[in-house]
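Chains, contacts and geometry: an overview
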Amino acid sequence: MISVCMATYNGEKYIKDQISSILSEISDEDELIISDDGSIDRTCEIIESFQDKRIKLFHNSSNHGVNGNFENALRHSKGDYIFLSDQDDVWISGKVEVCMKALKNNCCVVHDAIITDSNLRPEYSFFKSRKCKSGFFHNWLRNGYLGCTMAFHREVLDFALPIPPNLPVWHDIWIGSICEIKHNVKFVPFKGIKFRRHNSTTSITFKGSFTLHKKISYRMILLWHLFKRLNLHR
């Protein structure tokens, strides 16, 4: 069984296209878990309009932020395989098939993405722009873990949850780092989504405004949290 975990917040503009693309990729036995972080637009109304039994919508009682919102979705998932999803992209046909094939021999899979503008006009390859490849220290220095391109075995959650509340990076970097240390990560060149860039895009993968001091500080804090988590599970 597959669980697609999505976090939403005021995503009415693009979420219908995203949900439609996901439902066309998963089977009737799979589920789309959506955690909403208190949207005040039509996001939840659009989600409920699908009337699809595979969709399970959960509302946060207060604003949890990106990491807390994704953690809520992950905790409600029941699948043996977890796919992460943003609210504003579009899945490309074959994404699930390619990932499931790779997951037979790997604990976590990261596939390529077509980076687009807000109207889905293609601009460039995510892998090419980030020089993506496996390896903990490579990704510690130059992150290639983009959540909406990741899928992994459920056992990863035993180490990844809870996500540290004061972590200075997003959930995908945390989960990818856990997988790289405890298991293994396979980078697959298949372009599995159209990653829509727009004014509300939250992925820090593309943000280059951090000072050198902040970049070093964030990496050291990440290492500290990883050290503490892995020590607890010895």
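Residues numbered from 1 in each chain as written. Predicted model: local features only at pLDDT ≥ 70, side-chain atom pairs only at ≥ 80, totals over all residues. Heavy atoms only, no water.

**With respect to the overall build of the protein chain**
The helix and strand tally for the protein chain stands at nine helices and nine strands. For the protein chain, the C-alpha radius of gyration of 17 Å lies close to 17 Å, the compact-globule estimate for 234 residues. Counting the 234 residues in the protein chain, one finds 53% classified as buried. Here the contacts in the protein chain between residues at least 6 apart in sequence split such that 77% fall between residues at least 24 apart. (Helix = DSSP H or I, 4+ residues; strand = E, 2+ residues; numbered from the N terminus. Rg over C-alpha atoms; globule rule 2.2 N^0.38 Å. Buried < 20%, exposed > 50% of the residue type's maximum accessible area, 1.4 Å probe, protein only. Contact = heavy atoms within 4.5 Å.)

**Digging into the nonpolar core**
When a protein is soluble and globular, its nonpolar side chains tend to lie buried together. Counting residues in each nonpolar core, the largest one holds 65 residues, and the members touching the most others are Ile19, Leu32, Leu74, Phe152, Trp174 and Ile175. With near-sequence residues (within four places) excluded, Leu32 lies in contact with Val4, Met6, Ile19, Ile22, Leu23, Arg54, Ile55 and Lys56. (Core = buried A, V, L, I, M, F, W, Y, C linked by side-chain atoms within 4.5 Å.)

**What to know about the side chain of Thr43**
With respect to the helices and strands, Thr43 occurs in helix H2 (residues 43-49). Of the residues examined, Thr43 reaches a relative accessible area of 0% and is grouped as buried. A distance of 2.6 Å separates the side chain of Thr43 from the side chain of Asp41, its partner in a polar contact. When neighbours within four sequence positions are excluded, Thr43 is seen to be in contact with Thr8, Asn10, Gly11, Glu12, Ile15 and Asp36. (Polar contact = N/O pair within 3.5 Å; in protein donor to acceptor, adjacent residues only side chain to side chain.)

**Some thoughts on the environment of Asn184**
Here Asn184 is to be found in the loop between helix H8 (171-182) and strand E9 (185-196). Among the residues examined, Asn184 registers a relative accessible area of 27% and is labelled partly exposed. Between the alpha carbons of Asn184 and Thr43 there is a distance of 35 Å; along the sequence they are 141 residues apart. Setting aside residues up to four positions removed in sequence, Asn184 forms contacts with Asn105, Asn106, Cys107, Cys108 and Cys179. Among the polar contacts listed, one links the side chain of Asn184 to the backbone nitrogen of Cys107, at a separation of 3.0 Å.

**A few points about unusual backbone geometry**
Cis rather than trans, the peptide bond between Leu161 and Pro162 has omega equal to 0°. Structurally, Pro162 can be placed in the loop between helix H7 (157-160) and H8. Phi is positive for Lys131, which is not a glycine, with a value near 55°. Relative to the helices and strands, Lys131 is located in the loop between helix H5 (126-130) and helix H6 (136-141). You can call Lys131 exposed: its relative accessible area is 58%.

**Structural notes on the pairing of strand E7 (residues 122-125)**
The pairing of strand E6 (residues 108-116) with E7 spans three bridges and is antiparallel. Looking at the pairing, Thr116 lines up with Pro122 of E7. (Pairing = 2+ DSSP bridges.)

**Side note on the side chain of Ser3**
By the secondary structure assignment, Ser3 is in strand E1 (residues 2-8). At 2.5 Å, the side chain of Ser3 and the side chain of Glu31 are in polar contact.

**Here's the deal with a nonpolar patch on the surface**
A cluster of nonpolar side chains, contributed by Leu212, Ile216 and Met220, occupies part of the molecular surface with about 320 Å² of accessible area. Here Leu212 shows up in helix H9 (residues 212-232). Residue Leu212 is classed as exposed on the basis of its relative accessible area of 63%. (Patch = residues over 30% accessible without salt bridge, like charges linked within 9 Å, V, L, I, M, F, W, Y side chains within 5 Å. Areas by Shrake-Rupley, 256 points an atom, 1.4 Å probe, with all protein chains shown as cover. Salt bridge = Lys/Arg side-chain N within 4 Å of Asp/Glu carboxyl O.)

**What to know about helix H4 (residues 95-102)**
Turning to H4, its buried residues are Lys95, Val96, Cys99 and Ala102. Seen along its axis, H4 keeps its buried residues to an arc of 135°; they face one direction. Pointing more than 90 degrees away from the buried face of H4 are the exposed residues Glu97 and Lys101. Contacts made by the buried residues of H4 are with E1, strand E4 (81-85), strand E5 (90-91), E6, strand E8 (150-153) and E9. (Arc of directions from axis to C-beta.)

**A closer look at the pattern of salt bridges**
The full count for this structure, using the stated rule, is six salt bridges. Across the pair Lys56 and Glu31 runs a salt bridge, and its minimum N-O distance is 2.9 Å. In this pair, Lys56 sits in strand E3 (residues 55-59) while Glu31 sits in strand E2 (residues 31-36), placing the two residues 25 residues apart along the sequence. Exposure remark for Lys56: the relative accessible area of 30% places this residue in the partly exposed category. Residue Asp52 is joined to Arg54 by a salt bridge in which the shortest nitrogen-to-oxygen separation is 2.9 Å. Looking at Arg54, the relative accessible area reads 10%, which means it is buried.

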